[in-house]
Amino acid sequence: MTLTELFAFLAATCVAVPLFRMFGFGSVLGYMAAGIAIGPYGLGAFEDVDSVLHASEFGVVLLLFIIGLELKPSRLWVMRRAVFGLGTAQVMITAVALAVLAWVLGQGLSAAIVIGLGLALSSTAFVLQFLAERKDLTTQYGRSTFAILLFQDLAVIPILAVLALLATDAGEAGGAGTVMLKLGAIIALIVGGRYLLRPAFRLAASVGGHEVFTAAALATVVGAALLMYLVDVSMALGAFIAGVLLADSEFRHQLEAEIEPFKGLLLGLFFVAVGMSAELSLLAAEPLLILSLAAALLAIKGAVLFALGRAGGLPIPAARDMAFVLPQGGEFAFVIFAAAVAKGLLAAQVADLLILVVTMTMVATPLLVLAKERLFKDKQDGTAQPEFDTIDDDEPKIIIAGIGRFAQIIARILHVRGIPFTALESDMEQLEIVRKFGNKAYFGDVNDLGLLRAARAEQAELVIVAVDGVEPSLKVVRNLKTHYPHLKIFARARDRYHAHKLMDLGADLIMRETYGSSLEMATAVLESLGDAPDRARGTVARFREHDEALLAEEHAVLHDEGKHIQTVEDAQRELEVLFEADPCPSGTAAATQD
């Protein structure tokens, strides 16, 4: 890339991306618009668009590496049903439907199969970036979308193998040998990475310095991608495997920090290159054909995705969201169609047409999502409430909102005492883990008034709020205080700030999530240093009494920073004087405080 081309890329993105984000279209569409503006059909700032597109694909590779870092093998195992169930069904059903359509429109059988397989895949880079910007990756439909995308990346391997088998110059033995070579390379990457990567990073971190660690991180990604490239497998898949292998390592967060700047820049360049590669002359020559094919692709994939989402247990809004965000063609279609042209399976003119169709569907996706949000806004706000599990508990005394690691202990104690409760959880992945061990919990958003009525909240005595996140927790408490003021609310707080916010809302009991375990650890530390058990417990009990009083005093002056700081300093001096005056609290006092 020349300095002129680099300047054109940076200047166009600095203008287009903020502008598109300002109007709610997202940065991806802004990058693509910038590419069109500086491409062959715009200002013509770039001459060799194909080389730019090829080089920028490394941004997708880096994206998949970071995704792998965030996806521990244990979590991947939990997602296996969604990945291999929902993902397989989506690729197979969509590919068959599109192949039949291509055959009906006059393509030969081999070409129709290639078209169906290529267009069945969606854009991993586009969708993940889009979901990340909207903070939807952790939603129910976001996790299902990610599972399908992950399977699609895995499916590139057998799809390329199918191309080899369909090619006129590839026999059965050659095809089988090619598949074995690809599988062997993947196994070598997994085994080698498992035993070599961590020692290599320990060495780089201990003796190499920051620059060497950065180089080692990039070398890992490039090496994994290169190995896959040499055997005609998706480079992004190699990077993803390397990331998963390092997800449990002590270097995970540092690696993500080192790779993130490179990923952001190259991923932006990839979307710019996609915009530049759009054959707008072909669009001008055959507008009705291009737009009709793009609309047909979006409609067919969207219908399949919605049907599979509902069949897989997604509520209607989640299935609809997935159908609107995932129906476009993907970047791997460029690779598949180029390989098919090289093998004589697809005419070059048809491939150019299909690549333009894929580009048009990418452009249309953000617009469709915005239209969907406006169209279904009223239904989402009130008319059509999300579906939830049928609740069959009879008059529970207690409702538990969020059945994570904190609430599970409470639930086990209630269970052994025979005290009925209803547990609600909106995280499907967490719910599957809880149910796997025989626990009874129901899916649903605890802020949904329909769900609360189904859980018989008006008959309950107490709600334990243990949902993850400060804002979600505050929203639950606020909603309960508004609609069910008779309920006692016991809430988990992440820290003092969270506790003060819960106090503002009138929660009846607030328990900081690590507070009790920290006090128990402090007791054990004092005993290990020679304190008698009664003295250790007395010290911690007195500290707890003083700290809880301080929490209330802080809350009273929370909005006056000067008084807040003075209160904390006074309390610290008071605590020191207290222990100097009575350094050995009695066992009786300790027992009373506990």
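Everything quoted here is computed from the prediction, not taken from an experiment.

> How should the overall build of the chain be read in this particular structure?
What the chain contains, in helices and strands, is 27 helices and six strands. By residue count, 46% of the 594 residues in the chain fall in the buried class. In the chain, the proportion of contacts linking residues at least 24 apart, taken out of those at least 6 apart, comes to 74%. Of the roughly 28,800 Å² that the chain leaves accessible, carbon and sulfur atoms contribute 62%.

> Is there a simple way to explain the pairing of strand β2 (residues 421-425) in this structure?
Consecutive side chains along a regular strand alternate between the two faces of the sheet. Burial within β2 is extensive, with five of its five residues counted as buried. Where strand β1 (residues 398-401) meets β2, four bridges bridge the pair, whose relative direction is parallel. Bridging across to β2, I400 finds its partner in A423. Handedness of the crossover is the feature at issue here: the chain leaves β1, passes through helix α19 (residues 405-416), returns alongside β2, and the resulting connection is right-handed. Pairing geometry for β2 and strand β3 (residues 442-443), over two bridges, is parallel. Residue E425 lies in a different strand from β3, and its bridge partner there is F443.

> Help me out: how do you make sense of the packing of aromatic side chains in this one?
For any two aromatic rings, the description comes down to two numbers: the centre-to-centre distance and the angle of the planes. If you walk through the whole model with that rule in mind, you get two aromatic pairs. Seen in terms of ring centroids, F84 and F151 are 6.2 Å apart; in terms of plane orientation they differ by 85°. Their pairing is edge-to-face. With a gap of 67 residues between them, F84 in helix α6 (residues 80-104) and F151 in helix α9 (residues 140-166) connect regions that are remote in the sequence. You can call F151 buried: its relative accessible area is 13%. Here the aromatic rings of F201 and F213 are separated by 5.5 Å at their centres, their planes lie at 55°, and the arrangement is tilted. When sorted by exposure, F201 lands in the same class as F213, which is buried.

> Sorry if this is basic, but what is going on with the sheet that holds β2 here?
Two modes of strand pairing occur in sheets, parallel and antiparallel, and in both the strands are linked by backbone hydrogen bonds. With parallel pairing, the six strands of this open sheet are ordered in space as β3-β2-β1-β4-β5-β6. At either end of the open sheet lies a strand with only one pairing partner, and these are β3 and β6 (509-512). The sheet contacts of α19 involve β1, β2, β4 (462-465), β5 (488-493) and β6, and relative to β1 the element is tilted by about 160°. Packing of helix α23 (residues 496-505) onto the sheet brings it into contact with β5 and β6, and relative to β5 it is tilted by some 160°.

> What am I meant to see in a nonpolar patch on the surface here?
A surface patch of nonpolar side chains, about 550 Å² in accessible area, is lined by V96, V100, W103, V104 and L109. Considering every element that reaches the nonpolar patch, the biggest residue donor is α6, with four residues. If you trace the backbone, W103 turns up in helix α6. With relative accessibility at 55%, the residue W103 sits in the exposed group.

> Looking at this structure, I do not really get the pairing of β6. What am I missing?
Across four bridges, β5 lies against β6 in parallel orientation. Looking across to β6, one finds that A493 is bridged to R512. At this point the chain moves from β5, through α23, to the parallel β6, and the crossover so formed is right-handed.

> What am I meant to see in the side chain of K301 here?
Among the secondary structure elements, K301 is positioned in helix α14 (residues 287-311). Residue contacts for K301: discarding those within four places in its chain leaves Q90, T94, L119, A120, L121, S122, L326, P327, Q328 and G329.

> Would you mind showing me how to read the nonpolar core here?
If you look at soluble globular proteins, the nonpolar side chains tend to sit buried side by side. Within the largest apolar cluster, 94 residues are counted, with the highest numbers of intra-cluster contacts made by L119, F271, M276, L326, I336, F337 and L346. Per element, the largest residue contribution to this core is twelve residues, and it comes from α9. Excluding anything up to four places from it in sequence, I336 contacts V114, G118, L121, I159, L160 and L163.

> How should I be thinking about the packing of helix α4 (residues 58-69) against helix α8 (residues 124-133) in this particular structure?
In a packed pair of helices, the relevant descriptors are the angle between the two axes and the axis-to-axis distance. Between α4 and α8, the shortest axis-to-axis distance is 10 Å and the interhelical angle comes to 55°. One way to sum up the angle between α4 and α8 is to call them oblique. Seen from above, α4 lies across α8 with left-handed handedness. Facing V60, L63, L64 and I67 of α4, the residues of α8 in contact are T124, A125 and L128. Of the residues that constitute the contact of α4 with α8, the class distribution is six nonpolar, one polar and no charged.

> Explain the environment of L474 to me, please; I cannot follow it from the model alone.
Position of L474 relative to the elements: it lies in helix α22 (residues 470-483). It is 6.6 Å that separates the C-alpha atoms of L474 and L502, two residues lying 28 residues apart in sequence. Once residues within four sequence positions are removed from consideration, L474 is found in contact with H498, K501, L502 and L505.

Rules of the game
- Residues numbered from 1 in each chain as written.
- Predicted model: local features only at pLDDT ≥ 70, side-chain atom pairs only at ≥ 80, totals over all residues.
- Heavy atoms only, no water.
- Helix = DSSP H or I, 4+ residues; strand = E, 2+ residues; numbered from the N terminus.
- Buried < 20%, exposed > 50% of the residue type's maximum accessible area, 1.4 Å probe, protein only.
- Contact = heavy atoms within 4.5 Å.
- Areas by Shrake-Rupley, 256 points an atom, 1.4 Å probe, with all protein chains shown as cover.
- Pairing = 2+ DSSP bridges.
- Right-handed = clockwise from strand over helix to strand, strands pointing away.
- Phe/Tyr/Trp six-rings, centres within 6.5 Å; stacked < 30°, edge-to-face > 60°.
- Axes fitted to C-alpha atoms, helices over the stretch in contact; angles between N-to-C directions.
- Patch = residues over 30% accessible without salt bridge, like charges linked within 9 Å, V, L, I, M, F, W, Y side chains within 5 Å.
- Salt bridge = Lys/Arg side-chain N within 4 Å of Asp/Glu carboxyl O.
- Core = buried A, V, L, I, M, F, W, Y, C linked by side-chain atoms within 4.5 Å.
- Parallel < 35°, antiparallel > 145°, perpendicular 65-115°, else oblique.
- Left-handed = near helix turned anticlockwise from the far one by under 90°.
- Nonpolar A, V, L, I, M, F, W, Y, C, P; charged D, E, K, R; others polar.

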